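# Breakdown of the fold
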Amino acid sequence: MDSKPSASRPFSAEHRVLTELDEVRLRRLRERQPLPEPLASALATVLDESDVVPSRDIPPGVVTMQSRVTVQPVDGGPLRHITLAYPAEAQPEKGQLSVLSPVGLALLGWPVGQPVQWQTPDGREACWIIVSIEYQPEAAGHFTV
């Protein structure tokens, strides 16, 4: 959906929200980097079902590219600090996770408080809650990161 949420569809946990820049960059990544299933389908879903808004209109509590977020497993495990990175910048050992990973795609576009689910490499379902966003580029006035 390439439209700004209307009065009948405000920003909410029911709809994933992407910035126009993030959406364009993800479409380009998809064209250049074929993904295995189920990641290819997950990315297609993100791109096809998200509300897309100008960077200046994204709420500050929504995970965008380059956001630093704190998440916690729903089972109450330890807090984790993650930066959502493009594949070339990903350094999982430093907490910089690729947006083209299952957890990266699960986080992108959702607000603080939202539980997100994805499938682990061994086929199990995992679920984290987005606890906070320490840095979101758009909230900091960085609209072209």
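Residues numbered from 1 in each chain as written. Predicted model: local features only at pLDDT ≥ 70, side-chain atom pairs only at ≥ 80, totals over all residues. Heavy atoms only, no water.

## What to know about the nonpolar core
Of all hydrophobic cores here, the largest spans 30 residues; its most connected members are Val99, Leu107, Leu108 and Val116. Every residue in contact with Leu107, bar those within four places of it in the chain, is listed here: Val63, Val69, Val71, Ile82, Val116 and Ile130. (Core = buried A, V, L, I, M, F, W, Y, C linked by side-chain atoms within 4.5 Å. Buried < 20%, exposed > 50% of the residue type's maximum accessible area, 1.4 Å probe, protein only. Contact = heavy atoms within 4.5 Å.)

## Digging into the layout of surface pockets
Size it by volume and the largest pocket reaches roughly 410 Å³. Forming the walls of the largest pocket are 19 residues, and the residues nearest its centre are Ala42, Pro102, Gln117, Trp118 and Gln119. Breaking the lining of the largest pocket down by element, the ones donating at least two residues are α2 (39–49), α3 (102–107) and β6 (115–119). The greatest single-element share of the lining of the largest pocket, amounting to five residues, is contributed by β6. Partitioning the lining of the largest pocket into residue classes produces twelve nonpolar, four polar and three charged. (1 Å grid on protein atoms, 1.4 Å probe; cavity = no way out; pocket = protein on both sides within 12 Å on 5 of 7 lines; lining within 4 Å. Points joined across faces, edges and corners; volume = space filled by probe spheres on them. Helix = DSSP H or I, 4+ residues; strand = E, 2+ residues; numbered from the N terminus. Nonpolar A, V, L, I, M, F, W, Y, C, P; charged D, E, K, R; others polar.)

## Observations concerning α2
Within the span of α2, buried status applies to Leu39, Leu43, Ala44, Val46 and Leu47. Looking straight down α2, one finds that the buried residues subtend no more than 160° of arc, so they occupy a single side. (Arc of directions from axis to C-beta.)

## Some details on the pairing of strand β7 (residues 125–135)
The pairing of strand β3 (residues 68–73) with β7 spans six bridges and is classified as antiparallel. Bridge pairing in β7 links Gln72 to Ile129. With antiparallel pairing between neighbouring strands as the criterion, β6 and β7 make up a hairpin whose turn holds five residues, including Gly123 at a positive phi of roughly 90°. (Pairing = 2+ DSSP bridges.)

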